[in-house]
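Coordinate inspection notes
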Amino acid sequence: MSESNEHGHPHHHHHSGESRKEIIKVENLRREFMVGGEKVKALRGVSFTIREGEFVTIMGTSGSGKSTLLNILGCLDTPTSGEYILDGISVQSMSKNQRAVTRNRKIGFVFQNYNLLPKTTAIENVELPLLYNPSVSSRERRERAIRSLEAVGLAERLNHKSNQMSGGQQQRVAIARALVNDPVIILADEATGNLDTRTSFSILMLFQELHARGRTIIFVTHNPELAEYSSRNIVLRDGKVVADTTNPSIRSAREAYELLPNEND
């Protein structure tokens, strides 16, 4: 008889909380800039821990500090004070070069404007992060790029150039590029911001599928509706965390997508 809780269910789902690996831990992050001789406090003591397999939306209006936080989480900027531990390693203790390698290997970035190379095929765009990895042969690079594109539903578009694709397809290429190095975290910045409603939901569906397969995702946005689709929501205001809540009933992006009026109406 397997051990079970008071409702007679096996104990496995208890695992989702405490015992999962910490991917990101930030403690008392502060970031100050000098702007025109005045000190601007962009982050005023931000702390949270994100574990493997969470899909976290980080929300805030402009001026909340979310862009600054995104840059720090993405190892593009370092805090004035406080601690950032990514996958067990203190980011502050890294050299500039180690941070660049970390950005390349451990973080998959997805941007609002896709940041694809123009007039370049889907495969070539997705191979890009692997070019900096000397241990990956050109053949393996191509195979991994193809697998990554298949995972985002673009098996038929491998040799299409970015200027021959719709916005939604370009964002799928960008997500495939983010996945290709098997990062510990996917860091998305307003990843549906440039897309119409229908395409936004199809991209959100893809993020939910990746989450269901065990990916850890941070999605930074100013759109409060997106918090209904993530497993946890952190709200920033004036450089502080003002809310950090677990979502008890995650909405299905697929259902929302299927309820949308048909294109041809």
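Being a predicted model, the structure only gives us computed values, none of them experimental.

1. Structural notes on the side chain of T102
Checked against the element boundaries, T102 lands in helix α2 (residues 96–106). Taking the relative accessible area as the measure of exposure, T102 reaches 10% and is therefore buried. From its side chain, T102 meets the backbone oxygen of Q98 in a polar contact 2.8 Å long.

2. Examining the packing of aromatic side chains
A complete count under the given rule lists four aromatic pairs for this structure. Ring geometry for F207 versus F219: centroids 5.3 Å apart, planes at 75 degrees, classification edge-to-face. Residue F207 is located in helix α6 (residues 197–212), and its partner F219 is located in strand β8 (residues 217–221); the two are separated by twelve residues in the primary sequence. Grouping aromatic residues by their ring pairs yields a cluster made of F55, F207 and F219.

3. Things to note about the confidence of the model for the protein
Averaged over every residue, the pLDDT of the protein is 90; residues scoring 70 or more account for 92%. In the predicted structure, residues 1–16 sits below a pLDDT of 50 and forms ten contacts with residues beyond four places in sequence or in another chain.

4. Let's talk about the pairing of strand β6 (residues 107–110)
On β6, burial covers both faces: I107 and F109 on one face and G108 and V110 on the other are all buried. Two elements, β6 and strand β7 (residues 185–189), share four bridges in a ladder whose sense is parallel. Opposite F109, over in β7, you have L187 as the bridge partner.

5. A word on the sheet that holds strand β1 (residues 22–35)
Pairing in this open sheet of four strands is antiparallel, and the strands run β2-β1-β4-β5 from one edge to the other. The open sheet has two free edges, formed respectively by β2 (38–51) and β5 (89–90), since each of these has just one partner strand. Summarising the sheet, strand β4 (residues 81–86) and β5 pair through two bridges and their orientation is antiparallel. Within β5, the position partnered with I85 by the bridge is S90.

6. With respect to the nonpolar core
Counting residues in hydrophobic clusters, the biggest one holds 39 residues, and the most contacted among them are V110, L149, V173, I175, F207 and F219. Of all the secondary structure elements, the ones that give two or more residues to this core are α3 (122–131), α4 (138–151), α5 (167–179), β7, α6, β8 and α7 (253–259). Here this core gets seven residues from one element, more than from any other, and that element is α6. With residues up to four places along the chain from it excluded, the contact list for V110 reads Q171, A174, I175, A178, I186, L187, A188, D189, A191 and F207. One finds I24, F48, L73 and I185 within the second-largest nonpolar core, a separate group that totals 27 residues.

7. Thoughts on the sheet that holds strand β3 (residues 55–59)
Taking strand neighbours across the sheet as the criterion, the six strands line up as β6-β7-β8-β3-β9-β10 in an open arrangement whose pairing is mixed. The open sheet has two edge strands, β6 and β10 (240–246), and neither has a second partner. Neighbouring strand axes in the sheet, compared pairwise and without regard to direction, differ in orientation by 15 degrees on average. In this fold α2 packs onto β6 and β7, with an angle of close to 75 degrees to the strand it touches most, β6.

8. Structural notes on the pattern of salt bridges
Scanning the entire structure with this criterion turns up 14 salt bridges. In this structure, R232 engages E54 in a salt bridge whose closest nitrogen and oxygen atoms are separated by 3.1 Å. Remark: E54 occurs in the loop between β2 and β3 and R232 occurs in strand β9 (residues 232–237); sequence separation between them is 178 residues. In this structure, R232 and E54 share a single accessibility class: buried. In this structure, R254 engages E258 in a salt bridge whose closest nitrogen and oxygen atoms are separated by 3.8 Å. One end of the pair is R254 and the other is E258, both in helix α7 and four residues apart, which spans about a single turn. Via salt bridges that share partners, E209, R213, R254 and E258 belong to a single interconnected network.

Cut-offs and rules
Residues numbered from 1 in each chain as written. Predicted model: local features only at pLDDT ≥ 70, side-chain atom pairs only at ≥ 80, totals over all residues. Heavy atoms only, no water. Helix = DSSP H or I, 4+ residues; strand = E, 2+ residues; numbered from the N terminus. Buried < 20%, exposed > 50% of the residue type's maximum accessible area, 1.4 Å probe, protein only. Polar contact = N/O pair within 3.5 Å; in protein donor to acceptor, adjacent residues only side chain to side chain. Phe/Tyr/Trp six-rings, centres within 6.5 Å; stacked < 30°, edge-to-face > 60°. pLDDT = per-residue confidence, 0-100. Contact = heavy atoms within 4.5 Å. Pairing = 2+ DSSP bridges. Core = buried A, V, L, I, M, F, W, Y, C linked by side-chain atoms within 4.5 Å. Axes fitted to C-alpha atoms, helices over the stretch in contact; angles between N-to-C directions. Salt bridge = Lys/Arg side-chain N within 4 Å of Asp/Glu carboxyl O.

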